[in-house]
Amino acid sequence: MALLADIVDSRSSDRVTAHHAVVDVLSQVNQEHPTLHPLRVTVGDELQGVYATLGAALAASWRLRLLLEGKVELRFGLGGGDVRVIDAQRGIQDGDAWWRAREAIDGIEQLADDPQYLGVRTGIIDGRDAATPFAHLTVTSARLADVRFASLRTGARTSLRLLLEGLDNRRAAEAAGISASANSQRVRTNQLRVLADAIEALAQLP
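Residues numbered from 1 in each chain as written. Predicted model: local features only at pLDDT ≥ 70, side-chain atom pairs only at ≥ 80, totals over all residues. Heavy atoms only, no water.

The name recorded for the protein in an unreviewed UniProt entry is SatD family protein, from Gulosibacter faecalis.

Below you can see the structure in the form of structure tokens.
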């Protein structure tokens, strides 16, 4: 599964600051989410990586988003298919997985102009044999997770990240710098457990 990511509204952002923010978390994401070809920055601050499964690629995309919260916003294109290494030394690859990933991310960028799809950040085009007849449900589920995340405030997004990291309420509250009751209220009010369950379920896709 090929993963492409780019920065939303990159032309209006501080490219230097955004670049360093992304680079700072890449090694952590690559360590936590094993890849076939590690995530790396390419031309124009675009990110590329290759994963064994769609779920692994989605899990890495969410980890990136949560670690970069408040610094950089990313959009993603995931393409299922073949990946061929053209030049291992220079990291040049080809294959229909990359064509599909490019088509997926271009489609998400176009959707951003439609007010009915604000907050959608994940495009998926899967041409593998492993793709199920219900692939459209995967796309829809990923979009639902996207728009629910987009509706959250910064504090709730922090609590979501800590929830996905497996911290109990007390430790999550300490990490967030709030009381345990305040963190618990955030989780309940924003229904973060449901969103976390959806993200974790998507991470199990073949």
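From this point on, the discussion continues.
As for unusual backbone geometry
Where we set the bar: Only runs of H or I of at least four residues qualify as helices and only runs of E of at least two qualify as strands under DSSP, and these elements are numbered from the N terminus.
We note that Gln 191 has phi near 50 degrees; this positive angle belongs to a residue other than glycine. In this structure, Gln 191 sits in the loop between helix H7 (180-189) and helix H8 (192-202).

Here's the deal with helix H5 (residues 154-164)
Stated formally: Accessible area is worked out with a 1.4 Å probe on protein chains only. A residue is then buried under 20% of its type maximum, exposed over 50%, and partly exposed in between. By definition in these notes, contact holds between two residues if any of their heavy atoms fall within 4.5 Å.
Turning to H5, its buried residues number three or more, namely Ala 156, Arg 157, Ser 159, Leu 160, Leu 162 and Leu 163. Looking at the packing, one finds that the buried side of H5 touches helix H2 (54-67), helix H4 (135-150), helix H6 (169-176), H7 and H8. Looking one or two residues past H5, Gly 166 carries a phi angle of roughly 85 degrees, positive in sign.

A short note on the packing of aromatic side chains
To keep things clear, this is the line we draw: Any two rings among Phe, Tyr and Trp, with Trp reduced to its six-membered ring, count as a pair given centres within 6.5 Å; such a pair is stacked if its planes are under 30 degrees apart, edge-to-face if over 60, and tilted if neither. We call a charge positioned over a ring when the NZ of a Lys or the CZ of an Arg lies within 6 Å of the ring centre and within 35 degrees of the ring normal.
As enumerated under the stated definition, the model contains 1 aromatic pair in all. Aromatic side chains Trp 62 and Phe 149 sit 5.3 Å apart centroid to centroid with 85 degrees between the ring planes, which places their arrangement in the edge-to-face category. Taken together, the positions of Trp 62 in helix H2 and Phe 149 in helix H4 put the pair 87 residues apart, joining distant regions of the chain. Look at Phe 149 and you get buried, because its relative accessible area is 5%. The cationic tip of Arg 65 hangs over the ring face of Trp 62; the distance from NZ or CZ to the ring centre is 4.3 Å.

Some remarks on the sheet that holds strand S3 (residues 47-50)
Condition: Should DSSP find at least two bridges between two strands, the strands are regarded as paired. Only the contacting stretch of a helix is used when fitting its axis, a line to C-alpha atoms as for every element, and angles between N-to-C directions run 0 to 180 degrees.
Spatially, S2-S3-S1-S4-S7 is the arrangement adopted by the 5 strands of the open sheet, whose pairing is mixed. The open sheet terminates on both sides in strands that have one partner only, identified here as strand S2 (37-41) and strand S7 (122-126). Neighbour to neighbour, the strand axes of the sheet diverge by 10 degrees on average, direction disregarded.

Some details on the side chain of Glu 46
What counts here: Counted as a polar contact is a pair of N or O atoms within 3.5 Å, where, for protein atoms, one must be capable of donating a hydrogen and the other of accepting one, and residues adjacent in sequence contribute only when both atoms are in side chains.
Mapped onto the elements, Glu 46 comes out in the loop between S2 and S3. Accessibility expressed as a relative area gives 10% for Glu 46, which makes it buried. Of the polar contacts made by the side chain of Glu 46, one reaches the side chain of Arg 102; its length is 2.8 Å. Glu 46 has contacts with Leu 4, Ala 5, Arg 40, Val 41 and Arg 102, leaving out every residue within four places of it along the chain.

Examining the environment of Thr 42
One can find Thr 42 in the loop between S2 and S3. By relative accessible area, Thr 42 is classed as buried at 16%. Along the sequence, Thr 42 and Arg 15 sit 27 residues apart, while their C-alpha atoms lie 14 Å from each other.

A look at the environment of Asp 114
Topologically, Asp 114 is positioned in the loop between helix H3 (96-111) and S7. Judged by its relative accessible area of 23%, Asp 114 is partly exposed. For Asp 114, the side chain forms a polar contact with the main-chain nitrogen of Gln 116, separated by 2.9 Å.

A few points about the pattern of salt bridges
How we decide: What makes a salt bridge here is a side-chain nitrogen of Lys or Arg within 4 Å of a carboxyl oxygen of Asp or Glu, nothing more.
According to the stated counting rule, one finds 15 salt bridges in the structure shown. We note a salt bridge from Arg 65 to Asp 146, for which the minimum N-O separation is 2.6 Å. Linking Arg 65 in helix H2 with Asp 146 in helix H4, this pair joins segments that are 81 residues apart in sequence. The exposure class assigned to Arg 65 is buried, which follows from its relative accessible area of 8%. You can call Asp 146 buried: its relative accessible area is 0%. Beyond isolated ion pairs, a larger network of salt bridges with shared partners links Glu 32, Arg 63, Arg 161 and Glu 165.

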